[in-house]
Amino acid sequence: MDANQLDVSNPFGMDEDCQNCPALCDARSNVVHGYGDVGADFLFVVDGPGAGADESGIPAFHDDGGDRFRRILERCMLCASTSPRAEPELSNAFVTSIARCHHPGRDPTDEEVGNCEPYLNAELRMINPEILVPVGERALAEIATEYTTTDASDLSIDEHHASSVRGRGFELAPMRHPAEMTDDDADAFVRFFAELMASDYRQTKGRRER
């Protein structure tokens with residue numbers, strides 16, 4: 001699977017008419033795949049699309065907390081400053097989710113998240129980021145289960161927000177969900193990210209040079 005370097009929305013051409021979860025097919029407007037820089041060092045993983053992402057087809061930015069999420073990425077120099085309703089201009093960042101379809105009445109089930117796992121795994125393999133940023137408690141639990149040797153029950157977003165967690169092949173940098181953040185939480189993540197950028201965070205994994 002090759003990336004379309006000119007297309008930041010679903011650059012790997014994943015199935016936009018997925019039928020794996022029949023209960024979601026009629027409820028959704030879009031199958032919301034990943035968005036951003038396919039050569040990114042930083043891959044942000046949210047829980048799933050809300051109503052805004054379902055409408056726009058872009059994960060995270062148009063959902064609850066999306067404006068704060070955009071501002072954090074702007075402060076981290078990963079997103080150019082644009083209108084909140086515009087398509088974000090990302091650099092060195094890719095944003096995706098553990099679930100790809102929105103249901104207006106409920107969160108995705110564990111089975112639905114499992115059905116989406118091959119999409120997430122394919123994006124991770126193709127991008128091969130240095131840092132995974134699980135955004136929110138559920139994303140942290142899913143990522144920790146698959147990509148760390150730590151029991152997911154030992155990790156909490158309250159304790160690990162804006163800190164490093166060693167993973168298998170990736171370093172994790174958990175972020176509290178922007179819709180649940182305080183200003184202090186946002187400032188803490190930006191400070192942590194600045195320290196991360198000043199460190200030798202890149203690992204030797206046989207990846208292509210940026």
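The structure under discussion appears in the preceding block.
The text that follows walks through the structure, step by step, so that each part is easy to find. (Residues numbered from 1 in each chain as written. Predicted model: local features only at pLDDT ≥ 70, side-chain atom pairs only at ≥ 80, totals over all residues. Heavy atoms only, no water.)

**Structural notes on empty space enclosed by the protein**
Taken as a whole and assessed by the stated rule, the structure comprises one cavity of 30 Å³ or more. Considered as a void within the structure, the largest cavity measures approximately 70 Å³ in volume. Lining the largest cavity are Cys18, Asn20, Cys21, Leu24, Cys25, Arg28, Arg100, Cys101, Asn115, Cys116 and Tyr119. Broken down by secondary-structure element, the contributors of at least two residues to the lining of the largest cavity are α1 (22–25) and α4 (110–127). Looking at the lining of the largest cavity element by element, the count peaks at three residues for α4. (1 Å grid on protein atoms, 1.4 Å probe; cavity = no way out; pocket = protein on both sides within 12 Å on 5 of 7 lines; lining within 4 Å. Points joined across faces, edges and corners; volume = space filled by probe spheres on them. Helix = DSSP H or I, 4+ residues; strand = E, 2+ residues; numbered from the N terminus.)

**Section: the packing of helix α3 (residues 66–75) against helix α7 (residues 183–198)**
Where α3 contacts α7, the axes come no closer than 10 Å and their chain directions differ by 30 degrees. Taken together, the axes of α3 and α7 are roughly parallel relative to one another. Like other packed secondary-structure pairs, α3 and α7 cross with a definite hand, here right-handed. Note on element contacts: α7 touches α3 through Asp183, Ala186, Asp187, Phe189 and Val190, opposite Arg68, Ile72 and Arg75. Residues belonging to the contact of α3 with α7 are distributed by class as follows: four nonpolar, no polar and four charged. (Axes fitted to C-alpha atoms, helices over the stretch in contact; angles between N-to-C directions. Parallel < 35°, antiparallel > 145°, perpendicular 65-115°, else oblique. Left-handed = near helix turned anticlockwise from the far one by under 90°. Contact = heavy atoms within 4.5 Å. Nonpolar A, V, L, I, M, F, W, Y, C, P; charged D, E, K, R; others polar.)

**Topic: unusual backbone geometry**
Its identity is not glycine, yet Met77 carries a phi of approximately 65 degrees, on the positive side. With respect to the element layout, Met77 can be found in the loop between α3 and β3 (79–80). Here the phi dihedral of Asn92 falls at roughly 65 degrees; this positive angle occurs in a residue that is not glycine. On the basis of relative accessibility, which here comes to 11%, the residue Asn92 falls in the buried class. (Buried < 20%, exposed > 50% of the residue type's maximum accessible area, 1.4 Å probe, protein only.)

**A look at the pattern of salt bridges**
Going through the model one piece at a time under the given rule, you end up with eight salt bridges. When the shortest N-O distance is used, the salt bridge between Glu123 and Arg100 registers 2.9 Å. Of the two residues, Glu123 sits in helix α4 while Arg100 sits in the loop between β5 (93–97) and α4, which places them 23 residues apart along the sequence. Ionic pairing is found between Arg138 and Asp110, a salt bridge with its closest N-O pair at 3.1 Å. Of this pair, Arg138 sits in helix α5 (residues 137–147) while Asp110 sits in helix α4, placing them 28 residues apart in sequence. Residues participating in the shared-partner salt-bridge network are Asp158, Arg176 and Asp185. (Salt bridge = Lys/Arg side-chain N within 4 Å of Asp/Glu carboxyl O.)

**Points about the environment of Gly13**
Along the polypeptide, Gly13 turns up in the segment before α1. For the pair formed by Gly13 and His103, sequence separation is 90 residues and the distance between their alpha carbons is 23 Å.

**Points about the layout of surface pockets**
It is the rolling of a water-molecule-sized probe over the atoms that shows where space remains empty. Estimates place the volume of the largest pocket at around 440 Å³. Residue assignment for the lining of the largest pocket shows that the elements contributing at least two residues are α2 (51–56) and α3. Residues that form the lining of the largest pocket fall into these classes: eleven nonpolar, eight polar and seven charged. Computed from the structure, the second largest pocket encloses a volume of approximately 160 Å³. For the lining of the second largest pocket, the secondary-structure elements that each account for two or more residues are α4 and α5. The biggest single contributor to the lining of the second largest pocket is α4, with six residues. Of the residues assigned to the lining of the second largest pocket, the class counts are six nonpolar, three polar and three charged.

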